[in-house]
Every structure is written in structure tokens, then in C-alpha cells.
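Chain by chain, the residues run as shown.
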Amino acid sequence: MTDFISLPFYDLLHEDGHVPGVREKLPSLLAGIRRSILEIGAGTGLITTSLADSTPAEIFALEPSTGMRGVLLSRLSERTELLKRVTVLPYDALSVDLDEPVEAMVMINVMYALEPDYRKRLWPVLASQLEPGGLLVFTWRDGGAPQPRPLQESGSRQVGRHTYTVLSEILESSEEACKARYLYRITEGDKVINEEEIIGHAYRPVRETIEEELVGAGFVQADATEGFLSWRLA
């Protein structure tokens, strides 16, 4: 699985990115969910706490990254009422094995990190952990992989005297995958304080590919809000 995120930048830029929209739209997709939710790729918990606020469900927050998980646990420690309701799972999604099937599963901004072979193996695993009729919801963007483009700024935030800036470029592109380069830069005025480079592959399958894989794993498509796909286990 690909991870393009520099941990110090994660919350800063996601709060200005997709997170507010997800918080607005996700509750309606999960209306009626009351027992249990598995969140795959919980990250630092930006959506985990929103799930807890919008549903009464027990939450299983799966996050394999030690750094991300540390921030997630710190966030939960500030919400002591959630410590008995959120279980943090410290392993990869292919290893998930819950005591009982959950009522719903959520993946936010995870699809880009799933290599095709990994993704195909993941759907049957998730199906085995979801109750019949249970809901699978994930963020979605149509259009396939982006075309190559030069380095450009993706986002920036001011923190005291420092500016945290992300720049990215697409180096190569194919039908489903692209090779991307990210620069995470901290500056004070014109002076560069720190810079981190991450290069890797991201994946954006077309809708027909995802539909074929999910149908093959026993899912049927349900209604979803713009920016999401929603499926139920048959």
C-alpha cells in the first residue's frame, strides 16, 4: 500500500481539504447504523471522531501506521467518553478478524493507496467481516488516473512564523496508476527550514473495474451521495 503523507502535515492540510465535506455528507449515508462500524485507514482520527459523534455505534478504527495511530490515540485521549467505544486495530486490512461481523464499513481516501492485486484480495476479506445486508461506503472520484503534470502547489498553511506547503507532480501515468512525487516543505519567509520528498504510486481505477470486483465479492450497489460509492453485502 502506498502512503504519500508526511505525518506533521496530515491534519493541517486535510482539515482544509476533503475532511469538511466528508463530515458533512457521511452521516446521511450511515443513517440507521447503530451497532458497529469498521473504519479502514483511520489515519489520525479526523473522521473517527466524526463517526462517533454522528452515530451511537461501536467503532473499530483500523490503522497500520504507527505514527498515524499514535496521533489517533492522542485524539481519543482528549475525548475520554470515546475510550470505551473506539477500538484501535494496529494491523493491515487483509488481517482484520473481528469477533462478530460489523454493520457498516467506511474507507475515506483509501482507494488511491490500494494496489490492484491487494484491492482484489481485500473485497472478499471485507465481505467476510460484514453482516448480510451490511453497508460498505467509500470516497470516490471518477476519471481514472491523472495525466502527467509538472510540480505545483497542492496546499499551504501558516503555523506561527512557519509556512507548511505541499507540492506535487505526476511523473508517469497509465490506465489505473500514476507515479507521483510530493514535496513537503516548511519555510520561514524565503528560508527553507525542512523539506521531505516522497515518491510512489497511486491508483484510481475506473468505475467499471470496481463494480466488477465488488459484484464478484458478493456486493450490490446502493444509493450514495456525490463523491461516494455505497454497496451492500447481498
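Our subject is the structure that appears above.
Residues numbered from 1 in each chain as written. Predicted model: local features only at pLDDT ≥ 70, side-chain atom pairs only at ≥ 80, totals over all residues. Heavy atoms only, no water.

Draft legend 1. Just unusual backbone geometry, in detail. Backbone geometry at Asn109 places phi at a positive 55°, although glycine is not the residue there. Inspection of the secondary structure puts Asn109 in the loop between strand E4 (102-107) and helix H5 (116-128). (Helix = DSSP H or I, 4+ residues; strand = E, 2+ residues; numbered from the N terminus.)

Draft legend 2. Spotlight on helix H4 (residues 66-77). In this model H4 runs 16 Å from its N-terminal to its C-terminal C-alpha over twelve residues, within 8% of the 16 Å that 1.5 Å per residue would give. If you check which residues of H4 are buried, you get Met68, Arg69, Leu72, Arg75 and Leu76. Viewed along the axis of H4, the buried residues span an arc of 120°, placing them on a single side of the element. Residues of H4 that are buried in the fold lie against helix H1 (10-14), helix H3 (48-54), strand E2 (58-62) and strand E3 (86-89). (Expected span 1.5 Å × (residues − 1). Buried < 20%, exposed > 50% of the residue type's maximum accessible area, 1.4 Å probe, protein only. Arc of directions from axis to C-beta. Contact = heavy atoms within 4.5 Å.)

Draft legend 3. Quick look at the environment of Leu46. Mapped onto the elements of the fold, Leu46 is located in the loop between strand E1 (36-40) and H3. Residue classification places Leu46 among the buried residues on the basis of a relative accessible area of 4%. Between the C-alpha atoms of Leu46 and Ile186, which are 140 residues apart in sequence, the distance is 22 Å. Leaving out residues up to four positions away in the same chain, Leu46 has contacts with Tyr10, Asp11, His14, Glu15, Val19, Arg23 and Arg75.

Draft legend 4. Expanded view of the pattern of salt bridges. Overall, the coordinates contain 13 salt bridges when judged by the stated rule. Residue Arg207 is joined to Asp142 by a salt bridge in which the shortest nitrogen-to-oxygen separation is 3.0 Å. Here Arg207 is found in helix H6 (residues 207-216), whereas its partner Asp142 is found in the loop between strand E5 (130-139) and strand E6 (149-159), with 65 residues between them in sequence. Residue classification places Arg207 among the partly exposed positions, given a relative accessible area of 27%. In this structure, the salt-bridge partner of Arg185 is Glu195, at a minimum N-O distance of 2.4 Å. Of this pair, Arg185 sits in strand E8 (residues 177-188) while Glu195 sits in strand E9 (residues 191-203), placing them ten residues apart in sequence. The exposure class of Glu195 is partly exposed, given its relative accessible area of 41%. The network of salt bridges with shared partners includes Arg35, Glu100 and Glu131. (Salt bridge = Lys/Arg side-chain N within 4 Å of Asp/Glu carboxyl O.)

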